[in-house]
Amino acid sequence: MASEYSIQQLRAFTITTGAVLEENFMTAVFTNDSRLNKNPEDRHSYGGVRKGQIWRLLESGYPIRSQSVVTDPDECIISVSDVGNVRRSAPAGGKDEANVGDASGKRVLSRSRLFEVRAVAGAAFAVGTRRSAYSRTAPGSWECIDQDCYVSDDFEAGFQSIHGFSRNEVYAVGARGEIWQYDGSTWLQRDSGTNVTLHRVLCAFDGHVYVVGKNGTVIRGRHDVWSPVVPPSQYEYWDIQDYKDRIFLTANTRLTFELTEKHGIQLVDFKDCTIPTTAYHLTVGAGCLYLFGGKDIRKFDGTAWEEVLSLD
């Protein structure tokens, strides 16, 4: 049973990620601060759903790792845990689906840990350690697609993020600077020019693929040609998202930047909106760019930023 929470009560939680299906329907993942303070490895989470201005939190029973809006074959928000639990959320209601894994028995729990679920051409793709990769073919049904890249004996290898221009041109990135490209049937490894951990990949509006990660890494390319966009720095970039022909990034879990050809990396000017003290996940939904941080949610309509939630 979901319980309603006031803003004051929500201050006892930290937001880890979120997704937006409609203007009045978004989800977020909350962790309990007191539990985390006692044990930093305790990532037990609560699924938060906002309908209008009311937040309802439901104890998930497992740590939700990632969320994404999908439209094929059904329009909803898909949430996954690192061991493959799946939750489908929509305005009409939510329900658990079958765990990630295909009919041949390639279940996440026995093979890897998931890092991300992401929509590619409307469909859900999930990736994780040991270069595991899956696609959601129907509600409650997944197909394992990592036959060319999976490594059972190297747990340090793996994918942290996946995105694509189409289901026949998909990119996955992760540990040791790895970039792999999937054409719908075969994976090919690409030379990124770096060996640092890569956190997020974006197939952007300008036809380029952007990849961000540790040591201030911002790489741009496509297919087998990749090069750095900016010099190395002290920043650790966690996310990158395009919106209305502009590219935004988050760094160090508290900073929000914009990347431009003329000026490079610049801090975002929130103008009249309260500047968020936390910044981690970027996503586009309901016509706006949304920023989810540990204690903040903001949205941007292309002209002005607006405070959605502040828990400090």
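Scroll up to find the structure this text is about.
Residues numbered from 1 in each chain as written. Predicted model: local features only at pLDDT ≥ 70, side-chain atom pairs only at ≥ 80, totals over all residues. Heavy atoms only, no water.

J.: How do you make sense of the sheet that holds strand β13 (residues 141-144) when you look at a structure like this?
T.: The strands making up a sheet associate through hydrogen bonds between their backbones, and the pairing can be parallel or antiparallel. Strand order in the open sheet made by the 4 strands is β10-β11-β12-β13, with antiparallel pairing throughout. Edge positions in the sheet fall to β10 (114-120) and β13, since each of these pairs with one other strand and no more. If you compare each strand with its neighbour and ignore which way they point, the axes differ by 25 degrees on average. (Pairing = 2+ DSSP bridges. Helix = DSSP H or I, 4+ residues; strand = E, 2+ residues; numbered from the N terminus. Axes fitted to C-alpha atoms, helices over the stretch in contact; angles between N-to-C directions.)

J.: What's the story with the side chain of Thr217 in this structure? I'm lost.
T.: When you line up the elements, Thr217 lands in the loop between β19 (209-213) and β20 (218-222). Side-chain polar atoms of Thr217 contact the backbone oxygen of Lys214, separated by 2.5 Å. In contact with Thr217, other than residues within four places in its own chain, are Val196, Leu198, Val211, Val212 and Tyr237. (Polar contact = N/O pair within 3.5 Å; in protein donor to acceptor, adjacent residues only side chain to side chain. Contact = heavy atoms within 4.5 Å.)

J.: Looking at this structure, how should I read the packing of aromatic side chains?
T.: Note on aromatic pairs: each is described by the distance of the centres and the angle between the planes. Scanning the model with the defined rule gives 17 aromatic pairs in all. Measuring from centroid to centroid gives 6.0 Å for Tyr235 and Tyr237, while their planes differ by 45 degrees, and the two rings are tilted. Residue Tyr237 is classed as buried on the basis of its relative accessible area of 2%. When the ring of Trp238 is compared with that of Tyr280, the centres are 5.7 Å apart and the planes differ by 50 degrees; the resulting orientation is tilted. Here the residue Trp238 occupies a position in strand β22 (residues 237-243), and Tyr280 occupies one in the loop between β25 (264-267) and β26 (281-285), the gap between them amounting to 42 residues. Take Trp238: its relative accessible area is 23%, and that puts it in the partly exposed class. (Phe/Tyr/Trp six-rings, centres within 6.5 Å; stacked < 30°, edge-to-face > 60°. Buried < 20%, exposed > 50% of the residue type's maximum accessible area, 1.4 Å probe, protein only.)

J.: Would you mind going over the sheet that holds strand β29 (residues 305-310) with me for this structure?
T.: One open sheet holds the 4 strands; their spatial order is β26-β27-β28-β29, and the pairing between them is antiparallel. Strands with a single pairing partner mark the edges of an open sheet, and in this sheet they are β26 and β29. Each strand of the sheet is rotated relative to its neighbour by a mean of 20 degrees, with strand direction disregarded. Two elements, strand β28 (residues 296-300) and β29, share 5 bridges in a ladder whose sense is antiparallel.

J.: How do you make sense of the nonpolar core when you look at a structure like this?
T.: A general tendency of soluble globular proteins is for nonpolar side chains to be buried together. Ile15, Met26, Phe30, Trp55, Tyr290, Phe292 and Ile297 are the most contacted members of the largest nonpolar core, which has 17 residues in total. At the level of secondary structure, the elements contributing two or more residues to this core comprise β2 (13-22), β3 (25-32), β5 (54-59), β27 (288-292) and β29. Aside from chain neighbours lying at most four places away, what touches Trp55 is Ser3, Glu4, Tyr5, Leu10, Met26, Ala28, Phe30, Gly48, Val49, Arg50, Ile297 and Leu309. The next biggest cluster of nonpolar side chains, apart from the first, holds 15 residues, and it includes Val80, Val108, Leu114 and Cys144. (Core = buried A, V, L, I, M, F, W, Y, C linked by side-chain atoms within 4.5 Å.)

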